[in-house]
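One-letter residues, chain by chain:
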Amino acid sequence: MRGKIRQTAWILGLVVAAAGVVHAQTDCRDRLDLTTAYECEIRDEAGGSSQGTVEFADVDGVLFTSTLTLDGGGTPVVTTGVCSCRSRGSLAAPQFAAALDWHCVSDLGAGQAEVLAGKTTGNGRKLKQVELFSVDQAVPQALWLRMECEAAKGAGPGSAGPGSGGPGAGPGNGNPNDPDDGNGKGKGKGKGKGNGNGGGNGKGKGGGGD
């Protein structure tokens, strides 16, 4: 019970301490995709393989959470953690929560805890050098898992961009017996590029012919 209280207090301490961290440069949060799941290939100590997913969500602009789902062929195991970017800089001038690496802490109760850590690639699509360290103080025993993860395909759909229509093509076909009839129409197409991974197409109509 005391161990759980200490772990919970430590995690709460991270939340309080994060209030004083200034987000002023590129760090792991700038590259992580906080809107989609990363699909993971997992290897254990015995050489076995399995799959899983990890998702991240913002907390306060500095801290974020992780939801790790491990699928070993049976009932999926889901754990959540509190995360931050790791620190960079020297001991004399540390820059807290400013690195591209990140780590997450999970209090599982009953003397069990997990640390999930890794690094995000430049475009944020892949997680490299991801490692899960799980410990049970009651036994005691530890478990290590190594992972590499990639954002789910099709994640981050682009929003449709507003295309500007081109000028109408060709003169209108008016009634030759009616000098006031010039009701022909021309059509034009424009393209707009959406945000994210997809593009959007815009369409416009040209003015009527004379």
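Structural data are supplied above this passage.
The model shown is predicted, which means the values in this text are computed figures rather than measured ones.

A. Representation of a nonpolar patch on the surface in the model. Judged by side-chain polarity, Val-115, Phe-133 and Trp-144 come together as a nonpolar surface patch covering roughly 240 Å² of accessible area. Structurally, Val-115 can be placed in strand 8 (residues 112–120). Judged by relative accessible area, which is 35%, Val-115 ranks as partly exposed.

B. Region of the structure containing the nonpolar core. Core analysis: the largest hydrophobic core is formed by 22 residues, its most contacted members being Val-54, Phe-56, Trp-102, Leu-116, Leu-127 and Met-147. For Leu-127, the contacting residues outside a window of four places in its chain are Leu-32, Tyr-38, Val-54, Phe-56, Trp-102, Lys-119, Thr-120, Glu-148 and Cys-149.

C. The side chain of Thr-79, seen in detail. Looking at where Thr-79 falls in the secondary structure, it is placed in strand 4 (residues 77–85). For Thr-79, a relative accessible area of 12% gives the class buried. Among the polar contacts listed, one links the side chain of Thr-79 to the side chain of Glu-114, at a separation of 3.3 Å. Contacts of Thr-79, omitting those with residues within four sequence positions, involve Ser-66, Thr-67, Leu-68, Leu-108 and Glu-114.

D. Focus on the state of the cysteines. In total, this model carries 3 disulfides according to the counting rule given. The disulfide partner of Cys-28 is Cys-85, and the gap between their sulfur atoms is 2.0 Å. Looking down the S-S bond of the Cys-28 and Cys-85 bridge, the torsion is -90 degrees, so its handedness is left-handed. Pair noted here: Cys-28 is in helix 2 (residues 28–31) and Cys-85 is in strand 4, with a separation of 57 residues, a long-range link.

E. Examining the sheet that holds strand 3 (residues 64–71) more closely. Strand order in this closed barrel of 8 strands is 1-2-3-4-7-8-9-10, and the pairing throughout is antiparallel. On average, each strand axis in the sheet is inclined to that of its neighbour by 30 degrees, with strand direction left out of account. Pairing analysis gives 8 bridges linking strand 7 (residues 101–109) to strand 8, with the strands arranged antiparallel. Bridge pairing links Ser-106 to Glu-114 in strand 8.

Reading the values: rules and limits
Residues numbered from 1 in each chain as written. Predicted model: local features only at pLDDT ≥ 70, side-chain atom pairs only at ≥ 80, totals over all residues. Heavy atoms only, no water. Patch = residues over 30% accessible without salt bridge, like charges linked within 9 Å, V, L, I, M, F, W, Y side chains within 5 Å. Areas by Shrake-Rupley, 256 points an atom, 1.4 Å probe, with all protein chains shown as cover. Salt bridge = Lys/Arg side-chain N within 4 Å of Asp/Glu carboxyl O. Helix = DSSP H or I, 4+ residues; strand = E, 2+ residues; numbered from the N terminus. Buried < 20%, exposed > 50% of the residue type's maximum accessible area, 1.4 Å probe, protein only. Core = buried A, V, L, I, M, F, W, Y, C linked by side-chain atoms within 4.5 Å. Contact = heavy atoms within 4.5 Å. Polar contact = N/O pair within 3.5 Å; in protein donor to acceptor, adjacent residues only side chain to side chain. Disulfide = S-S within 2.5 Å. Pairing = 2+ DSSP bridges. Axes fitted to C-alpha atoms, helices over the stretch in contact; angles between N-to-C directions.

Don't take any of this as a statement about function, it's just geometry.
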